[in-house]
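Structural features, examined
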Amino acid sequence: MRKPFVAGNWKMNKTISQGVELAKNLAEKRPSNVDADIAVIPPFLAIPSVARALEGTPIRVGAQDVYWEESGAFTGEISCGMLRDAGCSFALVGHSERRHVLGETDEIVRKKLDALLAADMDVILCVGETLEEREADQTNSRLDTQVKSGLQGVSETLLSRVTVAYEPVWAIGTGRTATEEQAQQAHAFIRGLLTEMFGQQKAQAIRIQYGGSVKPSNAKGLLSQPDVDGALVGGAALDADSFTGIIEGARR
Ligand code: PGA
């Protein structure tokens, strides 16, 4: 059985002190009897302080992005080693805002994923179709490309460090959530791709999160779908009560 993984991506929100306050609130309010992995993903600057505030709690800290080189003349970038030193155990790669607002290609996403795995860190690989792609019936082909370019050839030992997040671009920050059926359908398709690539046993072990306007009111329905193994939450993760409500939705 896959343990649900609920992660809150704060995006470009929260100063250091606001982030610490949210982290502390969350540590206090988190339902300790829900068997799920919980993580927060603050902006870079808040990571060290948030990680310190969460020390001794099971809440993990991740980063929203990373650069693939270890060090050197890459102005503005942050390496895996720096993230680990600051208290992160994982990072997102290929979030739709990085793909669509900041122009990241599948090739760039793959370099970041490889760098994280080489640094013994975990990865959440985000994939998802745009509205135009869904309407043109290209959802599956888009997912096929993103999942294969993201993971083809990853060694079976490192695969346990990977979570996939299915985030339909049209559902992110729009209040328009995928229906439970749409989510399950896409997740089952992704699981099929993973099975093709890595075999049944490995594919069954990989967690696939859903992301896109997850809220306390829809979390339970989405998270009880057979192939939905958690949530990647944006807006609703910015408040301890609503994020806690989503964690409740992961109760099995
Ligand atoms: P949202 O964002 O929950 O605000 O839709 C999800 C995400 O981008 O991960």
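To keep things clear, this report deals only with the structure shown in the data block. (Residues numbered from 1 in each chain as written. Predicted model: local features only at pLDDT ≥ 70, side-chain atom pairs only at ≥ 80, totals over all residues. Heavy atoms only, no water.)

Further remarks concern the pairing of strand β8 (residues 230-233). Where burial is concerned, the two faces of β8 agree: the one with Gly230 and Leu232 and the one with Ala231 and Val233 are both buried. Relative to β8, strand β1 (residues 5-9) runs parallel, the two sharing four bridges. Paired with phenylalanine 5 across the strands is glycine 230, a residue of β8. Pairing geometry for strand β7 (residues 207-211) and β8, over two bridges, is parallel. When the bridges of β8 are listed, glycine 211 appears paired with leucine 232. Where the polypeptide runs from β7 across helix α10 (residues 216-223) and back to β8, its parallel neighbour, the crossover connection is right-handed. (Buried < 20%, exposed > 50% of the residue type's maximum accessible area, 1.4 Å probe, protein only. Helix = DSSP H or I, 4+ residues; strand = E, 2+ residues; numbered from the N terminus. Pairing = 2+ DSSP bridges. Right-handed = clockwise from strand over helix to strand, strands pointing away.)

Let us now look at the site of the ligand. For the ligand, the set of nearby residues contains 13 residues, the closest of which are Lys11, His95, Glu167, Gly173 and Ser213. Residue lysine 11 places a side-chain N or O atom 2.7 Å away from an oxygen atom belonging to the ligand. Relative to its unbound accessible area of 280 Å², the ligand is 95% covered by the protein chains. Of the residues contributing to the shell around the ligand, the split by class is four nonpolar, seven polar and two charged. (Near = heavy atom within 4 Å. Polar contact = N/O pair within 3.5 Å; in protein donor to acceptor, adjacent residues only side chain to side chain. Areas by Shrake-Rupley, 256 points an atom, 1.4 Å probe, with all protein chains shown as cover. Nonpolar A, V, L, I, M, F, W, Y, C, P; charged D, E, K, R; others polar.)

Its identity is not glycine, yet aspartate 137 carries a phi of approximately 65°, on the positive side. Inspection of the secondary structure puts aspartate 137 in the loop between α6 (131-135) and α7 (139-151). For aspartate 137, a relative accessible area of 72% puts it in the exposed group. Here the phi dihedral of serine 213 falls at roughly 55°; this positive angle occurs in a residue that is not glycine. As for its position among the elements, serine 213 is in the loop between β7 and α10.

Interhelical geometry of α10 versus helix α11 (residues 240-248) gives an angle of 20° and a closest axis separation of 7 Å. By the angle between their axes, α10 is roughly parallel relative to α11. Our pair here, α10 against α11, has a crossing hand that is right-handed. Contact residues: Pro216, Ala219 and Leu223 in α10; Ser242, Gly245 and Ile246 in α11. Partitioned by chemical class, the residues of the contact of α10 with α11 number four nonpolar, two polar and no charged. (Axes fitted to C-alpha atoms, helices over the stretch in contact; angles between N-to-C directions. Parallel < 35°, antiparallel > 145°, perpendicular 65-115°, else oblique. Left-handed = near helix turned anticlockwise from the far one by under 90°. Contact = heavy atoms within 4.5 Å.)

Within the fold, glutamine 184 resides in helix α8 (residues 180-198). Once you skip the residues sitting within four places of it in the chain, glutamine 184 turns out to touch Gln225, Pro226, Asp227 and Val228.

Read these as layout, nothing more, since geometry by itself doesn't imply function.
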